Amino acid sequence: MVSTKIIEVKNLGAIFDSKDKRLEVLKDITFSINKGSFVSIIGPSGCGKSTLFRLLCGLPTKDDCKIEGKISINGKKPQTARESRDIGLVLQKPTLLEWRTVRQNIQLPLEIMGYSKNTIEKKTKDLLKKLDLEEYSHYRPSELSGGMQQKVSIGRALGYNPELLLMDEPFVALDEINRRRMNNEIINIWEKTKKTILFVTHSIEESVYLSQSVIVLTKKPSTIYKKIDIELPYPRSNQENSSTYFKYIKEIRKYLNEASN
Amino acid sequence: MGGKIKQILIIIFVLVLIILIWEFLINYFEVPKRIVPKPSDLYIFIKKEFFLQHSVRYQSVLTKTIFSLRDAFIGFVIALIVGLGLGIVLAHSKVIYSLLFPLLFLTQLIPVPALAPVIATMLGYGYPTKIFIITLFLIFPISIAVKNCILNIPLSYKDLISTYSIKRVKKYRYLIFPSLVPTLLSQMKVLSTASIVATIITELPLSVKGGIGKDIYNSFNNQMIPRVWVSVILISIASLTIFEGITILEKYINTKYKYGEY
């Protein structure tokens, strides 16, 4: 039977154990995420979201970090999943290369992964069209606004068609209006591509606006405090003033306060 | 454009003024030629050196300068390649860094004239030693600059490339080498002049013939002071021209391609 779970985390723990100090960052974290869903992770500042994010991506952690438990992405270890192109990464900063144009930045993973020239051109053309970036394709990243830069970075992550998009506070640097615009864009992309999105954020409102469910983490040693399913239809722009929408925000705020103490 | 022409005219005016004051002061204080020659003495030497026929065996100041510049260039290229490789190794291994850093640092602490005899006793007083010393003198700054540049690339960029491929060669091709371009260009600028200085100093204790450094030394011993002065001026003009050339190249590449910008 084909599993419907794309992420399965069981009893995950992370301890930084050096000569000088011992710091338990993650403790007994267990959750799973279904394919095609949109899930947000929220937690107090410094609760270990970044460590969890790195572990999910299969990126190396510090030498003194001891990992316990199990992470499975598409039935594989995170590093294997990363190597088999199951994971697309969108970071807090757009991390675009200034010496490449928008088009070339989107092409970067495809070139590295050895796709043929024709495939690269076709995929880039599709992505530029899908993201409304055609007229900016020859711009350098610094010539774009922060929101546009992040859109390019999302396009770059989508280029090689990963099953899972891991997004680490991608819109944190944007103002409210652009942030909402990008929220709508990401929902649009999610609905079009049917990708699974795991979205790390600091914003309660953003998590409610975007996700089907929100995972609330506690302060260090971080563990899962609550998982809340957001049962609101999309587009959420129609729900923003509804009492249910505010109820979810209030509920998550309450949990986040409890989790921070 | 007008500002540039004005700047050049000012420089020419200042140079002419310096030459006139120089000529006047030497005449006025009757300073002997063996101490400081007058510009007119240098002019006479230049006329004789560059515009009169010499025997086939005669090596002009220009020939010797070109000879030294060629060796400086060879040392510079080798130092650039070896320094780049060494910088990469130093950035990736803390153990190698702690082993090699003191040795590399020593090459900067000990002056070339002191280091040259030590190396010459091992490698001989010939051409390979000359190139080796020039290279050794230049390796430290470039390798440290390369190492620092690699370590200063933001982690998020390194992580990102890691998600596309685990092959280190890809990380170098798409991220690290383009990031190194401004550092290498800026190092080339500094090293180009340093390589000329190192070449001239290295020629003194070694028995390699044909270099301008050796010629300056011999001319000085034979009281051919205008020849010494013209040689020094020639070397300075060559250094300045090369430095300016690389500066223009650096500006062009950095402005057009934006390598190493995030």
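Residues numbered from 1 in each chain as written. Chains lettered and ligands numbered in written order. Predicted model: local features only at pLDDT ≥ 70, side-chain atom pairs only at ≥ 80, totals over all residues.

Draft legend 1. Spatial organisation of the overall build of chain B. Per the secondary structure count, chain B includes 10 helices and zero strands. When the helices and strands of chain B are read in sequence order from the N terminus, they spell out α-α-α-α-α-α-α-α-α-α. Relative to the 2.2 N^0.38 estimate, which gives 18 Å for 262 residues, the radius of gyration of chain B is 23 Å and therefore markedly larger than a compact globule would have. By principal-axis analysis of the C-alpha atoms, chain B measures approximately 75 × 55 × 35 Å. When each of the 262 residues of chain B is scored for burial, the buried share is 31%. Relative to all contacts within chain B whose residues are 6 or more apart in sequence, the contacts with residues 24 or more apart total 76%. (Helix = DSSP H or I, 4+ residues; strand = E, 2+ residues; numbered from the N terminus. Rg over C-alpha atoms; globule rule 2.2 N^0.38 Å. Buried ≥ 20, exposed ≤ 12 C-beta atoms within 10 Å, placed from the backbone. Contact = placed C-beta atoms within 7 Å.)

Draft legend 2. Highlighting the environment of phenylalanine 67 of chain B. Residues and elements named next belong to chain B. Considering the arrangement of structural elements, one finds phenylalanine 67 in helix α3 (residues 61-92). Residues phenylalanine 67 and valine 230 lie 163 residues apart in sequence; the distance between their C-alpha atoms is 16 Å. Ignoring sequence-local partners within four residues, the contact set of phenylalanine 67 consists of Gly210 and Gly211.

Draft legend 3. How the structure looks around the domain arrangement of chain A. Residue and element names in this part refer to chain A. What the domain assignment reports for chain A is domain 1 (1-86 + 165-189 + 197-261) and domain 2 (93-161). The interface of domain 1 with domain 2 comprises 11 residues on the first partner and eight residues on the second. The greatest single-element share of the side of domain 1 that touches domain 2, amounting to five residues, is contributed by helix α6 (residues 176-193). Taken together, the residues that form the side of domain 1 that touches domain 2 break down as seven nonpolar, one polar and three charged. (Domains from an automatic or database assignment. Nonpolar A, V, L, I, M, F, W, Y, C, P; charged D, E, K, R; others polar.)

Draft legend 4. Seen up close, the sheet that holds strand β5 (residues 87-90) of chain A. Residue and element names in this part refer to chain A. As summarised here, the arrangement of the six strands in space is β5-β6-β7-β3-β8-β9, forming an open sheet in which the pairing is mixed. Because the sheet does not close on itself, it has two edges, and the strands there are β5 and β9 (224-229). Averaged over all pairs of adjacent strands, the angle between their axes in this sheet comes to 15 degrees, without regard to strand direction. Judged from the five bridges that link them, strand β3 (residues 38-42) and strand β7 (residues 196-201) form a sheet pairing that is parallel. Each residue of the ladder has a partner; that of isoleucine 42, found in β7, is threonine 201. Contacting β3, β8 (213-217) and β9, helix α8 (residues 243-260) runs over the sheet at an angle of about 175 degrees to β9. (Pairing = 2+ DSSP bridges. Axes fitted to C-alpha atoms, helices over the stretch in contact; angles between N-to-C directions.)

Draft legend 5. A look at the sheet that holds strand β4 (residues 65-73) of chain A. Residue and element names in this part refer to chain A. Spatial ordering of the open sheet is given by β2-β1-β4, a layout of three strands whose pairing is antiparallel. Whereas interior strands pair on both sides, the edge strands pair on one side only; in this sheet they are β2 (22-34) and β4. On average, adjacent strands in this sheet sit at an angle of 0 degrees to one another, irrespective of strand direction. Of the strand pairs in this sheet, strand β1 (residues 5-17) and β2 are connected by nine bridges, and their pairing is antiparallel. Its bridge partner lying in β2, isoleucine 15 is registered against glutamate 24. Its contacts with the sheet place helix α1 (residues 49-57) against β1, β2 and β4, and it is angled at close to 125 degrees to β1.

Draft legend 6. The interface of chain B and chain A, seen in detail. Taken together, the contacts link 17 residues of chain B with 16 residues of chain A. Of all the secondary-structure elements, those providing two or more residues to the side of chain B that touches chain A are α7 (155-164) and α8 (168-203) of chain B. The greatest single-element share of the side of chain B that touches chain A, amounting to seven residues, is contributed by α7 of chain B. Looking at side-chain class alone, the side of chain B that touches chain A contains nine nonpolar, four polar and four charged residues.

Draft legend 7. Focus on the packing of α3 of chain B against α8 of chain B. Residue and element names in this part refer to chain B. At a closest axis distance of 8 Å, the pairing of α3 and α8 adopts a crossing angle of 125 degrees. Comparing the axis directions of α3 and α8 gives the class oblique. In this structure, α3 meets α8 at a crossing whose hand is right-handed. For the pair α3 and α8, the contacting residues are Ser68, Leu69, Asp71, Ala72, Gly75, Phe76, Ala79 and Leu80 in the first and Met188, Leu191, Ser192, Ser195, Ile196, Ala198, Thr199, Ile200 and Glu203 in the second. Class assignment for the residues of the contact of α3 with α8 results in 10 nonpolar, five polar and two charged. (Parallel < 35°, antiparallel > 145°, perpendicular 65-115°, else oblique. Left-handed = near helix turned anticlockwise from the far one by under 90°.)

Draft legend 8. Representation of unusual backbone geometry in the model. All names here are of chain A. Omega for the peptide link from lysine 220 to proline 221 comes to -10 degrees, which places this bond in the cis form. Looking at where proline 221 falls in the secondary structure, it is placed in the loop between β8 and β9. Across the junction of tyrosine 234 and proline 235, the peptide omega takes the value 0 degrees, indicating a cis bond. Structurally, the position occupied by proline 235 is in the loop between β9 and α8. One non-glycine residue with positive phi stands out, namely aspartate 28, at about 50 degrees. Tracing the backbone shows aspartate 28 in strand β2. With a phi close to 60 degrees, lysine 194 is a non-glycine residue in the positive phi region. Inspection of the secondary structure assignment puts lysine 194 in the loop between α6 and β7. Judged by the 9 C-beta atoms lying within 10 Å of it, lysine 194 falls in the exposed class.

Draft legend 9. A look at helix α5 (residues 146-158) of chain A. Residue and element names in this part refer to chain A. Look at α5: 19 Å from first C-alpha to last across 13 residues, which is about the 18 Å you get at 1.5 Å a residue. For α5, the complete set of buried residues consists of Gly147, Met148, Gln149, Gln150, Lys151, Val152, Ser153, Ile154, Gly155, Arg156, Ala157 and Leu158. Packing partners of the buried residues in α5 comprise β5, α3 (102-112), α4 (117-130), β6 (164-168) and α6. (Expected span 1.5 Å × (residues − 1).)

Draft legend 10. Inspection of the environment of glycine 87 of chain B at higher detail. Along the polypeptide, glycine 87 of chain B turns up in helix α3. In this view, glycine 87 of chain B contacts Ile142, Ser143, Ala145, Val146, Lys147 and Ile150 of chain B; residues no more than four positions away in its chain are not counted.

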